[in-house]
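# Close look at the chain arrangement
Letter by letter, the chains look like this.
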Amino acid sequence: MNNKNPFDSMFPLSLEQIDLLKKFEKNCSNIQFAWLSGYFWHLSNQDYSNFKKNKNILSSEQKKIDSPTITIISASQTGNARSLAERLNKYLNDNNKQSYLISASDYNFKKIKDEKFLILIISTQGEGEPPEEALSLYKFIMSKRAPKLNDLKYSVFSLGDSSYDLFCQAGKDFDKRFNELGGKKLLNRLDVDIEYEDDYIKWSKELLVLINKIDISCSTSNFSKKDFFSDNINIYTKYNPATATILTNQKITGRNSIKDVRHIELNISDLNLKYTPGDALGVWYQNSEDLVKKILKLLSINTSDIIKIKNKNINISDALKNHFELTNNTKNLVKKYADITKNKFLKEIILNDEELSNYVKNTPLVNMISDYPKKISSQAFIDILRPLTPRLYSISSSQSETNDEVHITVGVVKKIISNCLHLGGASGYLSELLNIDDPVKIFIEKNNNFRLPKNTKTPIIMIGSGTGIAPYRSFMQQRDNDGATGKNWIFFGNPNFTEDFLYQIEWQNYLKNGLLTKMTLAWSRDQEKKIYIQDKIRENGQEIWDWIEENAHIYICGNASKMAKDVEEALLCIISKNGNMSIENSNEFLNNLRLNKRYQRDVY
């Protein structure tokens, strides 16, 4: 019996296609209809050769879909791993390989057993820990539930900072565990320091050679699944920054505060910069001229000397001001300086790791040079320095409210050592060296792992101390602009109520008009016994649990090694107590919240 619809031969579209068109037209404007008509007319008038070409492409696409996929997982903390993952994805596609790019936070790690080819590009944060977005994957792969990976071929590209003891530890951990689970190395793990460009280029080329030998794919197209990086429309990047100007540079802590926190507003009206609450602002800073002159004088280096950086000749003063880190001392820097100066005291210190750690912590680079000056060549000095890298600051404004401005909240790093004031590189530059209308180079660093819930009715709990309050200011501005009806609760901690209540008037106004449902404050030094955020969380355990059961999203922003760990421990206790779970099960519960984007952290 023939069940074919008689209209099928008369009408060029199927009933399913017609239904799709009807659904689509409901959301289109007249302008969009006009554009679509021209677009489809253009397609219908392609000549036969183009039709044949497109047919061949579709055929190759189908082959590609049927072929194994190279999965690239990005696990980034400051955006570097993400950037390299994007580049690798494009590089492989441009060389006719099918690759699929995804964030570690979006990756369905339970399906890792089905992967054939996996590339992990990962950074390390804190004390050798994986980046925030890779925590769930890390916990799973390190657990007893991790599957055998006997069919997996993998490679790990690990980014780190050699000034830290546990250099590239997260990458090392994943590499070791993949191997233990039966995975085979496609290419040996590569651990790179902060200046990694040449290493990456060499590694990516070697990787492609090995992939070609395996002949994973022969497709000629650029097909890939939609990945999580596609929403970045900004033309400005870390290496192509925009130039904004300072509108406001205001101290927002009291005169008697032990902290110097600045509210800084920048004008981006002439720039095509778009940001979302939760994103960070990257700032390229300059070292102070006074610091540069002092160092050069101590080393008996002429300020007009010309040195070479990547085959480019540049004045030594300009190089130190714009291209090298001068405010942070490191173990490697001490070792290198000891080597070129042959200083006996430094040679002894580097033999004892504990003494070396204490020395680095308490002795800025300029002090080390001042204590042990030595006449050396300008190029020799440059060669031991670390390249200057931009600083990232959580954005404290919503573009829906501030339009042509972007705001950041900067804690100025200040240390008194040997009766001299030492400022942090970026914070000192922003707070002391820039005035109104001065230019500053910036870029937006997207953070898709610290986002407000899409449903504006969803309640949120915001937890932060010090400048960790910054993203929550942007959250509340956005919720206000969206007319969100979901409840909002903030936990904020700092030393003193009268000196350190950042954005106090704004928070009180939000509380007064009802947008902010509840505000819980912890002032550590306003009473004899110190009170911290984690104490307030425990005090409000039952109510927090009630909010969790109401589908609340929980956010933490602040110091990774101190506040964030203490707060997470308090949350686990609340979950265990009120959910009648063991600590192990409460860990699993919290991890499930993380997987469902209901527990997000922006820690540093």
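The protein chain is annotated in an unreviewed UniProt entry as Sulfite reductase [NADPH] flavoprotein alpha-component of Buchnera aphidicola. According to UniProt, the comment filed for the protein chain under the heading Pathway (unreviewed entry) is "Sulfur metabolism; hydrogen sulfide biosynthesis; hydrogen sulfide from sulfite (NADPH route): step 1/1." Taken verbatim from the UniProt record of the protein chain, the Subunit (unreviewed entry) comment is "Alpha(8)-beta(8). The alpha component is a flavoprotein, the beta component is a hemoprotein."

What follows covers the overall build of the protein chain. Helix and strand counts for the protein chain come out as 23 helices and 20 strands. Residues counted as buried form 50% of the 604 residues belonging to the protein chain. Within the protein chain, residue pairs in contact and separated by at least 24 positions form 77% of the contacts whose partners lie at least 6 positions apart. A total of about 31000 Å² of accessible surface is found on the protein chain, and carbon and sulfur atoms cover 49% of it.

Strands belonging to one sheet form pairs held by backbone hydrogen bonds; the direction of such a pair is parallel or antiparallel. Overall, antiparallel pairing links the six strands, which are arranged β11-β8-β15-β6-β7-β12 in an open sheet. Unpaired on one side and paired on the other, β11 (391-394) and β12 (405-411) mark the two borders of the sheet. Geometrically, the sheet is characterised by an average inter-axis angle of 40° between neighbouring strands, direction not taken into account. Both strand β6 (residues 242-251) and strand β15 (residues 439-445) contribute to a ladder of four bridges, which runs antiparallel. Residue Thr245 lies in a different strand from β15, and its bridge partner there is Pro439.

Looking at the second largest pocket, its volume works out to about 1200 Å³. Lining the second largest pocket we find 39 residues, and of these Glu195, Lys310, His323, Pro387 and Leu388 sit closest to its centre. Sorting the residues of the lining of the second largest pocket by element identifies β9 (306-309), β10 (312-315), α10 (331-341), α14 (378-384) and β15 as the ones contributing at least two each. It is α14 that provides the largest number of residues to the lining of the second largest pocket, a total of four residues. Tallied by class, the residues present in the lining of the second largest pocket amount to 19 nonpolar, nine polar and 11 charged.

Further remarks concern the packing of aromatic side chains. If you walk through the whole model with that rule in mind, you get 23 aromatic pairs. Ring geometry for Tyr138 versus Phe174: centroids 5.6 Å apart, planes at 75°, classification edge-to-face. One end of the pair, Tyr138, is in helix α5 (residues 135-142); the other, Phe174, is in helix α6 (residues 169-180), with 36 residues separating them in the sequence. Residue classification places Tyr138 among the partly exposed positions, given a relative accessible area of 22%.

Turning our eyes to something else, we now look at the pairing of strand β19 (residues 553-558). Along β19, six of the six residues are buried, which leaves the element largely enclosed by surrounding structure. Every second residue of β19 is oriented toward a common face, with His553, Tyr555 and Cys557 on one face and Ile554, Ile556 and Gly558 on the other, all of them buried. The pairing of strand β16 (residues 460-465) with β19 spans five bridges and is parallel. Following the sheet pairing, Ile463 is matched in β19 by Ile556. Of the strand pairs in this sheet, β19 and strand β20 (residues 599-603) are connected by five bridges, and their pairing is parallel. Each residue of the ladder has a partner; that of Gly558, found in β20, is Val603.

Judged by nonpolar contacts, the single largest core of 31 residues is most densely connected at Leu320, Phe381 and Leu385. Counting residues per element, the ones that place at least two in this core are α8 (289-298), α9 (316-322), α10, α11 (344-349), α12 (353-362), α13 (365-371) and α14. The residues contacting Leu320, other than those within four sequence positions of it, are Asn287, Val292, Leu296, Leu326, Phe381, Ile382 and Leu385. Of all hydrophobic cores here, the second largest spans 28 residues; its members include Ile246, Tyr275, Tyr429 and Leu434.

So, about the pattern of salt bridges. Applying the stated criterion across every chain, the model contains 31 salt bridges. Note that Lys331 is salt-bridged to Asp165, the shortest N-O span being 2.2 Å. One end of the pair, Lys331, is in helix α10; the other, Asp165, is in the loop between β4 (153-159) and α6, and 166 residues separate them in sequence. On the basis of relative accessible area, Asp165 is assigned to the exposed category, the value being 55%. Of the charged contacts in the structure, one is a salt bridge between Asp260 and Arg262, with a shortest N-O distance of 2.8 Å.

Chain-level pLDDT for the protein chain is 87 on average; 85% of the residues reach the 70-or-more range. Within the protein chain, helix α3 (residues 48-66) has the poorest average pLDDT of any element, 44, and β16 the best, 98. With pLDDT under 50 throughout, residues 41-67 is counted as low confidence; its partners more than four residues away or in other chains account for 18 contacts.

Next up on the list: the pairing of β6. Pairing between β6 and strand β7 (residues 261-267): six bridges, direction antiparallel. The residue of β7 that forms the bridge with Ile246 is Leu266.

What counts and what doesn't
Residues numbered from 1 in each chain as written. Predicted model: local features only at pLDDT ≥ 70, side-chain atom pairs only at ≥ 80, totals over all residues. Heavy atoms only, no water. UniProt positions renumbered as here; feature names shortened; annotations may be inferred. Helix = DSSP H or I, 4+ residues; strand = E, 2+ residues; numbered from the N terminus. Buried < 20%, exposed > 50% of the residue type's maximum accessible area, 1.4 Å probe, protein only. Contact = heavy atoms within 4.5 Å. Areas by Shrake-Rupley, 256 points an atom, 1.4 Å probe, with all protein chains shown as cover. Pairing = 2+ DSSP bridges. Axes fitted to C-alpha atoms, helices over the stretch in contact; angles between N-to-C directions. 1 Å grid on protein atoms, 1.4 Å probe; cavity = no way out; pocket = protein on both sides within 12 Å on 5 of 7 lines; lining within 4 Å. Points joined across faces, edges and corners; volume = space filled by probe spheres on them. Nonpolar A, V, L, I, M, F, W, Y, C, P; charged D, E, K, R; others polar. Phe/Tyr/Trp six-rings, centres within 6.5 Å; stacked < 30°, edge-to-face > 60°. Core = buried A, V, L, I, M, F, W, Y, C linked by side-chain atoms within 4.5 Å. Salt bridge = Lys/Arg side-chain N within 4 Å of Asp/Glu carboxyl O. pLDDT = per-residue confidence, 0-100.

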